[in-house]
Amino acid sequence: MANCLRVPMALVLGMLFLFSGSAASARPDTRNYTCEGAQAFIASQGGVTMSTGDRTYQRFVHTRSSCLGLQTVRATYAPTKDVPKCRLSTCAMRSTSDGNR
């Protein structure tokens, strides 16, 4: 009876591979939104990781409250359905005024 519960390792590995790909495909893609739509979606989420290309992604935020303590909001650009460079925001480390970090 214990043999009935054993699952071949190849089957387990195959299932892990199959399900690991579905997480990336579930990520929203900036290219499926208009620029205004992407900005509104990010605003509704506060902060969200979105695909920006076939193998690229980035975390976008609406306000600094979605960043870590030493980070600030910086402008960045991503492709959307209607424009190749939609202005969005991301978190980045703050720079100091004297050039030291």
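See the structure printed just above.
Keep in mind the model is a prediction, meaning the values are calculated, not measured.

(A) Up close: the environment of D54. Within the fold, D54 resides in the loop between β1 (47-51) and β2 (57-61). With a relative accessible area of 74%, D54 lands in the exposed category. Among the polar contacts made by the side chain of D54, one reaches the side chain of R31 at a distance of 3.3 Å.

(B) A look at the pattern of salt bridges. Counting across every chain of the model gives two salt bridges. For D29, the salt bridge identified is with R31, shortest N-O distance 2.6 Å. You can call R31 partly exposed: its relative accessible area is 31%. The partner of R31 in a salt bridge is D54, and the shortest N-O contact between them spans 3.3 Å. Of this pair, R31 sits in the loop between α1 (9-25) and α2 (35-45) while D54 sits in the loop between β1 and β2; the two residues are 23 residues apart in sequence, bridging distant segments of the chain. What emerges from the salt-bridge pattern is a single network uniting D29, R31 and D54.

(C) Here's a closer look at the packing of aromatic side chains. In total, this model carries one aromatic pair according to the counting rule given. The positively charged end of R27 is found above the aromatic ring belonging to Y57, 4.4 Å away from the centroid.

(D) Seen up close, the environment of S65. Tracing the sequence through the fold places S65 in the loop between β2 and β3 (71-78). Given the relative accessible area of 66%, S65 is considered exposed. Of the polar contacts made by the side chain of S65, one reaches the side chain of T63; its length is 2.8 Å.

(E) Quick look at the nonpolar core. The biggest cluster of nonpolar side chains holds 10 residues, and these are C35, A38, F41, I42, V48, M50, F60, A78, C86 and L88. Ranked by the residues each element gives to this core, the list is headed by α2, at four residues. Here A78 is in contact with T30, T52, F60, V83, P84, K85, C86 and L88, once residues within four sequence places are set aside.

Reading guide: rules and limits
Residues numbered from 1 in each chain as written. Predicted model: local features only at pLDDT ≥ 70, side-chain atom pairs only at ≥ 80, totals over all residues. Heavy atoms only, no water. Helix = DSSP H or I, 4+ residues; strand = E, 2+ residues; numbered from the N terminus. Buried < 20%, exposed > 50% of the residue type's maximum accessible area, 1.4 Å probe, protein only. Polar contact = N/O pair within 3.5 Å; in protein donor to acceptor, adjacent residues only side chain to side chain. Salt bridge = Lys/Arg side-chain N within 4 Å of Asp/Glu carboxyl O. Phe/Tyr/Trp six-rings, centres within 6.5 Å; stacked < 30°, edge-to-face > 60°. Lys NZ or Arg CZ within 6 Å of the ring centre and 35° of its normal. Core = buried A, V, L, I, M, F, W, Y, C linked by side-chain atoms within 4.5 Å. Contact = heavy atoms within 4.5 Å.

Read these as spatial facts, not as claims about activity.
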